[in-house]
Amino acid sequence: MDELNVFERLVVDLSPDERAQMLDKLKSSNLELEKLAFDPTIEKSVRGVDNLYDLSVIEKILIWFFSVFMQKKRDDVVLDFALRHCSKKLIESQLVTANKSGLRRRFQEELYLLSRSLLMFQSPVSAVEDGNKGAFYSLIFEIEFPDRYQDLIEMIDPSVVAFKNNLKSSDISSIKAKISSSFEVWLDNLDASIRSQMQDYAIAFESLTKLSLFPFNSFLKLFRNYHGEKMASIEQSKKYLNDLGTAIFSFKILPDDMILKALYIFMIEQERGEVDNSKLDLWVKNVSAVIASLKDFLKKTHYTDLLKFSNRNPEYKVVPSEPTADWFVDFKNFWKRYIKISITDYSNKAELEHFLADFSNFFGSEISRLDNYRKDLYGDVFPIIYEYSAGATLMAYNKIIDNILHDLKILIGEGDFFKQDNLRELESSYQVLVSIGTCIRDYNDQIAPKGKIGVLILNSEDEQGIAEASNKINRGVAKCIRSFVTATLSISNVLSGVLRKADSNTYDSLSNISSIRAGSNIQYIDRLESHYKWLTSVSGIINTLFEQEKLLRKID
């Protein structure tokens, strides 16, 4: 079964109180981004070839001189004159080598400082880019349009839909059809202003992504030692310079602080933390520091002049790439996936309730859950998966110990089996059944408040350690349950042969079936008949419970 990942659960799993608290903290934090003092639309500042007639007489003479006596094309000479102001500034600032062919160490240092300042964005941006855009846009949608978001949540809740439309929980196809239809109508009725605002956010995030995930390391690797100084060829660097200029220009269109606040939530969720006012304020402060670093980089590197010079174009303009972001597609796909998972989960829970009722009818009482291995004790901190199937197994084990084990022991000791493999299978399964109670109780004791794992849960902040312990306990309990189901089914198969109910040649009866337990043979055979039916039923019911619980919280 599909599952929601950690970021997708962030969008839908918070309790109303937790969600309200988180949103209040976000809204109370003011993030005022200082505008970038960088205009990449460079105006003509130097005359070019097309307006040569505007040059002074001296300039025209010099151009003629260099063209004739240095055998250079006139256009190249004009271009050199046009770029000499840029090159002079870059050489004097120690950014470009005197021969104008390389970027110097000072530019490398400024580039490195800029890349370090942008590191804070890399982790959360990468988390969103890694298949989580739909969840990210949904988070922004909730913050910006809480009423519409709440309408959506209620409209796609299977239990709410079933109640409002008087549908049975088993009528999954009708519930699914109703939700799908309502969701499409809800999408169609979204205001144009909402769609436009969300698209602005999507484009803004795309621009932030281009800048924060720019391949700085690849650019920096171009710098190598030449005659005792680190330099990089301008020709090799040109593409990186242009792409970085485009990324910086794109970053200017960030509309407001919403993207950055939503990224903060993704960041802390990735670190399994909490929305904290002091940490949020620090994040806001660091964002402002990034803007300052970017402005400082542009100023110190004379970046507009560097772009003109590297492209040999005095009128070079940074042209932003066309945005490709489409929030609506990612948003819709996320909720369609969530609806599918939600309906499947609802169906599985309904099935579980059905099987719990079957078990209660079978046993004549509800399942007695264990003292410690239960969901209401630790909640999500230490997720319990096989709560009901573990309780059912222990109940069945106690019944076997009280009412069945003695008769099985007689069969092992006094039965004259035609097939010794059947006897060995019975003996092996018997030993497994005897150990099941200890197996389950041991794991139950480990997570008691004073147990080995219980102490870890209550006192440790090592979330990874707790998660590993949780998986170990759940897998251990699962192994006990599987062993019980396998053993009871195996004994049931052996009894089917003993009682001549087997259809295959694998299981056979006893040579002394009619004389075993002399004096009470008829009553003993009747009890074996009853045990056979009971073990066959209980193994099936517990296995079904086990599989349903595994579907609800899959780990294996």
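Look a little higher up for the structure.
Residues numbered from 1 in each chain as written. Predicted model: local features only at pLDDT ≥ 70, side-chain atom pairs only at ≥ 80, totals over all residues. Heavy atoms only, no water.

**Points about the side chain of Gln446**
Let me state the cut-off plainly: Secondary structure elements follow DSSP: runs of H or I no shorter than four residues count as helices, runs of E no shorter than two count as strands, and numbering proceeds from the N terminus. Burial status follows relative accessibility: with a 1.4 Å probe on protein chains alone, a residue under 20% of its type maximum counts as buried, one over 50% as exposed, and anything between as partly exposed. The contact definition used throughout considers only heavy atoms, calling two residues in contact when any of these lie within 4.5 Å.
Looking at where Gln446 falls in the secondary structure, it is placed in helix H20 (residues 420-446). For Gln446, a relative accessible area of 15% corresponds to the buried category. The residues touching Gln446, leaving out its near neighbours within four places in the chain, are Gly451, Lys452, Ile453, Gly454 and Ile473.

**A word on the side chain of Thr488**
Applicable threshold: Polar contacts, as used here, are pairs of N or O atoms within 3.5 Å; protein pairs need one atom able to donate a hydrogen and one able to accept it. Residues neighboring in sequence count only if both atoms are side-chain atoms.
Inspection of the secondary structure assignment puts Thr488 in helix H22 (residues 463-498). On the accessibility criterion, Thr488 (0% relative accessible area) is buried. A distance of 3.0 Å separates the side chain of Thr488 from the backbone oxygen of Val485, its partner in a polar contact. Residue contacts for Thr488: discarding those within four places in its chain leaves Ile400, Leu433, Leu535 and Ser539.

**Digging into the sheet that holds strand E2 (residues 224-226)**
The cut-off we apply is this: Should DSSP find at least two bridges between two strands, the strands are regarded as paired.
One open sheet holds the three strands; their spatial order is E1-E3-E2, and the pairing between them is antiparallel. Edge positions in the sheet fall to strand E1 (102-103) and E2, since each has one partner strand and no second. Pairing geometry for E2 and strand E3 (residues 229-233), over three bridges, is antiparallel. Each bridged residue has a counterpart across the sheet, and for Tyr226 the counterpart in E3 is Glu229.

**Some remarks on the environment of Thr209**
Within the secondary structure, Thr209 is located in helix H11 (residues 192-212). Each C-alpha atom of the pair Thr209 and Val128 lies 9.6 Å from the other, and the pair is 81 residues apart in sequence. Aside from chain neighbours lying at most four places away, what touches Thr209 is Val125, Glu129 and Phe214.

**Comments concerning the state of the cysteines**
Rule in force here: Cysteine sulfur atoms are paired as a disulfide whenever they fall within 2.5 Å.
This model, assessed by the stated rule, comprises one disulfide. Paired by a disulfide, Cys439 and Cys480 hold their sulfur atoms 1.7 Å apart. Between Cys439 and Cys480 the disulfide shows an S-S torsion of about -70 degrees. By sign, it is left-handed. Residue Cys439 is located in helix H20, and its partner Cys480 is located in helix H22; the two are separated by 41 residues in the primary sequence. Judged by relative accessible area, Cys439 falls into the partly exposed class, the value being 24%.

**With respect to the nonpolar core**
We count it as follows: In this description, a nonpolar core means a group of buried Ala, Val, Leu, Ile, Met, Phe, Trp, Tyr and Cys residues linked to one another through side-chain atoms lying within 4.5 Å.
By size, the foremost hydrophobic cluster in this structure holds 86 residues, and its most contacted members are Phe107, Phe121, Phe136 and Leu263. Here this core takes nine residues from helix H17 (residues 327-363), the largest share from any one element. Those residues in contact with Phe136, other than ones at most four positions away along the chain, are Val128, Phe205, Ile259, Ala262, Leu263 and Phe266. Counting 67 residues, the second largest nonpolar core, distinct from the first, contains Leu394, Leu411, Ile453 and Ile457.

**Concerning the pairing of E3**
In terms of strand pairing, E1 meets E3 through two bridges, oriented antiparallel. Paired with Leu103 across the bridge in E3 is Ala232.

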